[in-house]
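The primary structure of each chain is shown beneath.
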Amino acid sequence: SVIVLFGLSTEPLRGLIASAGWSHAAIWFNQCGGMVFFAFAIFILAHEQGGISRMLKSRFLVLLGEISFSTYMLHYIILTCVSKSGLIETHPTLIVVFGYIAAIYIASWLSYKFVELPSKRMIERFSIRNRKRIPANV
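Residues numbered from 1 in each chain as written. Predicted model: local features only at pLDDT ≥ 70, side-chain atom pairs only at ≥ 80, totals over all residues. Heavy atoms only, no water.

Draft legend 1. Broad picture of the overall build of the protein. Looking only at helices and strands, one finds 8 helices and 0 strands in the protein. Mapped from its N terminus to its C terminus, the protein presents α and β elements in the order α-α-α-α-α-α-α-α. Within the protein, buried positions represent 17% of all 138 residues. Once local pairs closer than 6 in sequence are excluded, the contacts in the protein between residues at least 24 apart make up 56%. For the protein, the exposed area adds up to about 11,000 Å²; of that, 71% sits on carbon and sulfur atoms. (Helix = DSSP H or I, 4+ residues; strand = E, 2+ residues; numbered from the N terminus. Buried < 20%, exposed > 50% of the residue type's maximum accessible area, 1.4 Å probe, protein only. Contact = heavy atoms within 4.5 Å. Areas by Shrake-Rupley, 256 points an atom, 1.4 Å probe, with all protein chains shown as cover.)

Rendered as structure tokens:
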């Protein structure tokens, strides 16, 4: 509701601020004014009450959050491969888009499972081992 309210109020408020003679403030509000609204939304969601919070705790959405870094790192590489492969010109767009999305999430999950998790475990083991060697008076 807060995000929808922000979306509906952005342009009228920007216009009101600009008509008051504060054009720079209006530009700022147009670009950054949502911070207040989104901060409020984060505050509400941080209490983990209600239907949205329960939905965000679902296994599927938690998994998407866990693989999000891999998704970020791999999406452009996969997009480049799809673009250079010629699939876009030879196949229906909807099939290519769904295939692209599927390839991103499959590659992201594989990267998370076989690169990120083992690396994380190795770093944790290394840091625990080194923590024991550091003298307490340092």
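Draft legend 2. Just the confidence of the model for the protein, in detail. Looking at the protein as a whole, the pLDDT averages 83, with 85% of positions reaching at least 70. Mean pLDDT values for the elements of the protein range from 72 in helix α1 (residues 2-19) up to 94 in helix α5 (residues 59-66). (pLDDT = per-residue confidence, 0-100.)

Draft legend 3. Representation of the nonpolar core in the model. One finds Ile78, Val82, Val96, Tyr100 and Ile104 forming the largest nonpolar core, which totals 5 residues. No other element matches the 3 residues that helix α8 (residues 93-133) contributes to this core. Excluding anything up to four places from it in sequence, Ile104 contacts Thr71, His75 and Ile78. (Core = buried A, V, L, I, M, F, W, Y, C linked by side-chain atoms within 4.5 Å.)

Draft legend 4. Here's a closer look at helix α6 (residues 68-85). Here α6 contains 18 residues, and its C-alpha end-to-end distance of 25 Å stays within 8% of the 26 Å for a straight helix at 1.5 Å per residue. Buried within α6 are the following residues: Ser70, Thr71, Ile78 and Val82. (Expected span 1.5 Å × (residues − 1).)

Draft legend 5. Expanded view of the pattern of salt bridges. For the structure on display, the rule yields 1 salt bridge. In this structure, Glu48 engages Lys57 in a salt bridge whose closest nitrogen and oxygen atoms are separated by 3.4 Å. Classification of Glu48 as partly exposed rests on a relative accessible area of 49%. (Salt bridge = Lys/Arg side-chain N within 4 Å of Asp/Glu carboxyl O.)

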